[in-house]
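# Per-entry structural report
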Amino acid sequence: MTFESTPWRRTAQSANLLGANGEPGVTIFEEITGLANEHQAINLGQGFPDTEGPQEIRELAVKAIRDGANQYAPGSGIPALRNAIVKHQHRFYGLTIDPDTQVVVSTGATEAIAAAVLAFVEAGDEVVTFEPFYDSYAAMIGLANATHKVVKLRAPTFAPDLDELRKAVTSKTRMIIVNNPHNPTGTIFDAEVLDEIVALAHQHNCIILSDEVYEHLTFASAHVPIATRPGAFERTITLSSAGKSFSFTGWKVGWATGPRDLITALRTVKQFLSYSSGPAFQPAVAQALELPDTFFERFAADLGARGDQLARGLEDVGIQVIRPKGTYFLVADLQGLGNDNAVEVAKLMPERIGVAAIPMSVFALQKNQKDYASLLRFAFCKRPDVISEAVTRLQQLPKVLSK
């Protein structure tokens, strides 16, 4: 039996999960994690916190389990969480949303991405993303048998060229996927970029899928959802989750908001993916969304300080850092050290200096990976003492690379 053109193979190929022989191989993520474990390295490659979310919120989940919240939740999410999401969107962004028709709770934002793409994108359609991109976007575009077009974000600003964006969006474009704040670059799109995306979506009658899971992890300015821009809400699906905002990545509680017709379509597909999940976690997340502003402000400030700590340590030894405006990732450019092969460096770092990072090229289409060849992504969502030890080790990198 052959499987040359099956959906799983398109998915794997699109997400760079197939080897040169066309067969599934070990991904760079698996390889780097394996090396980190083997050499007991500090893993700044994987993007998950090493601290827990608020204790009082965790206790609510424990209580909910004990009180019997262990069966199916409603397919759209429990009313308490949907109402909390509505209040959150109005409190922070002034958006008015109907909890019954314009909100759906998902198994993490990743499921909502899948449901949105599968709900609207068909074979022959084009989907535009910014590159580098979160690999889930490419995987779902491949699964839908659509064409993935990219607009490059180039170092050191990682700001898109608006002329390139205009050329990328055409009459064949069905969806523009926006990740803002942006993983893996840490950049934030300004109002001019957001407004151009909206204008292009109107001009070519396409949907905007806005992944905003890092909405509360910004350092220089408050997050601006694209749905708040003039003319945007009517054609925008906005995604977020509890994983990044509250350090509950394993709970997998995400949500999508937007106009009724778009959310109805997304929910229709989503109910046949997981139907529902997290009945004990949903009421806890509802309470988390109502935490005071000071919680969100302190969380972002603390995270930003850890990013600065890591950036200073790298800069002190001549490693160029592109400081992030949001997320919990920063990018280092090895060109200043005379090296333009971040993949090789990432593979030797766990053994030679005891730190793991991810080469940025894996977040690009294969034909474009050379454009990001010298860049490494570091995750700084770790305890200050872990960052401090990582900095001490990373400061040996110039010496290691000069040998």
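Below or above, wherever it landed, is the structure these notes cover. Keep in mind the model is a prediction, meaning the values are calculated, not measured.

## Some thoughts on the sheet that holds strand S13 (residues 375–379)
Taken together, 4 strands build an open sheet; the order of strands is S9-S10-S13-S12 and the sheet is antiparallel. Edge positions in the open sheet fall to strand S9 (320–322) and strand S12 (358–359), since each of these has one partner strand only. Here strand S10 (residues 329–333) pairs with S13 via 5 bridges, running antiparallel. Within the sheet, the bridge partner assigned to Asp333 lies in S13 and is Leu375. Sitting on the sheet, helix H12 (residues 293–315) is in contact with S9, S10 and S13, with an inclination near 10 degrees to S10.

## A short note on the pattern of salt bridges
Evaluated as defined, the whole model comprises 18 salt bridges. Residue Asp67 pairs with Lys63 through a salt bridge whose shortest N-O separation is 2.6 Å. For Asp195, the salt bridge identified is with Arg229, shortest N-O distance 2.8 Å. Remark: Arg229 occurs in the loop between strand S6 (207–211) and strand S7 (236–241) and Asp195 occurs in helix H8 (residues 191–203); sequence separation between them is 34 residues. Linked through salt bridges whose partners overlap, the residues forming this network are Asp50, Arg383 and Asp385.

## Examining the packing of helix H5 (residues 108–120) against helix H6 (residues 135–143)
Across the interface, H5 lies against H6 with an axial gap of 9 Å and an inter-helix angle of 30 degrees. Judged by the angle between their axes, H5 and H6 are roughly parallel. In this structure, H5 crosses over H6, and the sense of that crossing is right-handed. On the side of H5, the interface is formed by Thr110, Ile113, Ala114, Val117 and Leu118, while H6 contributes Ser136, Tyr137, Met140, Ile141 and Leu143. Broken down by class, the residue content of the contact of H5 with H6 amounts to 8 nonpolar, 2 polar and no charged.

## Some remarks on helix H1 (residues 7–14)
Within the sequence span of H1, burial applies to Arg9, Thr11 and Ala12. Buried positions in H1, seen along its axis, are confined to an arc of 160 degrees and lie on one side of it. If you follow the buried residues of H1, they end up packed against H6. Residue Asn16 follows H1 closely and has a positive phi angle near 60 degrees.

## Some words on the sheet that holds S7
Overall, mixed pairing links the 7 strands, which are arranged S2-S8-S7-S6-S5-S3-S4 in an open sheet. Two strands in the sheet have a free side with no partner beyond their single neighbour: strand S2 (103–107) and strand S4 (147–152). Neighbour-to-neighbour, the strand axes of this sheet turn through a mean angle of 25 degrees, independent of strand direction. Docked against the sheet, helix H4 (residues 79–93) engages S2 and strand S8 (253–257), running at close to 115 degrees with respect to S2.

## Quick look at the packing of aromatic side chains
Throughout the structure, instances matching the rule amount to 16 aromatic pairs. An angle of 45 degrees between the planes, with centres 6.1 Å apart, marks the rings of Phe92 and Tyr93 as tilted. When the centroid spacing of 5.3 Å and the interplanar angle of 85 degrees are considered together, the rings of Phe295 and Phe296 count as edge-to-face. Accessibility assignment for this pair places Phe295 and Phe296 in one class, buried. A network of ring pairs unites the aromatic residues Phe92, Tyr93, Phe246, Phe295, Phe296 and Phe299 as a single cluster. Above the face of the Phe329 ring, Arg377 is positioned so that its terminal group lies 3.8 Å from the ring centre.

## Description of the nonpolar core
Counting residues in each nonpolar core, the largest one holds 75 residues, and the members touching the most others are Ile197, Leu310, Leu314, Met349, Leu376, Phe378 and Leu394. The dominant element in this core, judged by the number of residues it contributes, is H8, at 6 residues. Residues within four places of Leu376 in sequence aside, it is in contact with Leu330, Val331, Ala332, Leu334, Ala342, Val345, Ala346, Met349, Ala357, Ile358, Pro359 and Met360.

## Side note on unusual backbone geometry
Between Glu131 and the following residue, Pro132, the backbone shows a cis peptide bond with an omega angle of 5 degrees. The omega angle of the peptide bond from Asn180 to Pro181 is -5 degrees, so this bond is cis rather than trans. Examined against the element boundaries, Pro181 turns out to sit in the loop between strand S5 (173–179) and H8. At Gln40, a residue that is not glycine, the phi angle is positive and equals roughly 50 degrees. Of note in this structure, Phe158 is not a glycine but carries a positive phi near 55 degrees. Residue position: Phe158 is located in the loop between S4 and helix H7 (162–168).

## A look at the pairing of S6
Of all 5 residues in S6, 5 are buried, a share of seventy percent or more. Burial along S6 is two-sided: the face carrying Ile207, Leu209 and Asp211 and the face carrying Ile208 and Ser210 are both buried. With H8 bridging S5 and the parallel S6, this β-α-β connection has right-handed handedness.

## Overview of the environment of Asn341
Structurally, the position occupied by Asn341 is in the loop between S10 and helix H13 (342–352). Here the side chain of Asn341 touches Glu344 through a polar contact of 3.1 Å, landing on its backbone nitrogen.

## Looking at the side chain of His182
Among the secondary structure elements, His182 is positioned in the loop between S5 and H8. Relative accessible area serves as the criterion here: at 1%, His182 is assigned to the buried category. Polar side-chain contacts of His182 include one of 2.9 Å to the backbone oxygen of Pro132. Among the polar contacts listed, one links the side chain of His182 to the side chain of Thr185, at a separation of 2.8 Å. Look past the residues within four positions of His182 in its chain and what remains in contact with it is Phe130, Pro132, Leu153, Thr187, Phe189 and Thr327.

Conventions and cut-offs
- Residues numbered from 1 in each chain as written.
- Predicted model: local features only at pLDDT ≥ 70, side-chain atom pairs only at ≥ 80, totals over all residues.
- Heavy atoms only, no water.
- Pairing = 2+ DSSP bridges.
- Helix = DSSP H or I, 4+ residues; strand = E, 2+ residues; numbered from the N terminus.
- Contact = heavy atoms within 4.5 Å.
- Axes fitted to C-alpha atoms, helices over the stretch in contact; angles between N-to-C directions.
- Salt bridge = Lys/Arg side-chain N within 4 Å of Asp/Glu carboxyl O.
- Parallel < 35°, antiparallel > 145°, perpendicular 65-115°, else oblique.
- Left-handed = near helix turned anticlockwise from the far one by under 90°.
- Nonpolar A, V, L, I, M, F, W, Y, C, P; charged D, E, K, R; others polar.
- Buried < 20%, exposed > 50% of the residue type's maximum accessible area, 1.4 Å probe, protein only.
- Arc of directions from axis to C-beta.
- Phe/Tyr/Trp six-rings, centres within 6.5 Å; stacked < 30°, edge-to-face > 60°.
- Lys NZ or Arg CZ within 6 Å of the ring centre and 35° of its normal.
- Core = buried A, V, L, I, M, F, W, Y, C linked by side-chain atoms within 4.5 Å.
- Right-handed = clockwise from strand over helix to strand, strands pointing away.
- Polar contact = N/O pair within 3.5 Å; in protein donor to acceptor, adjacent residues only side chain to side chain.

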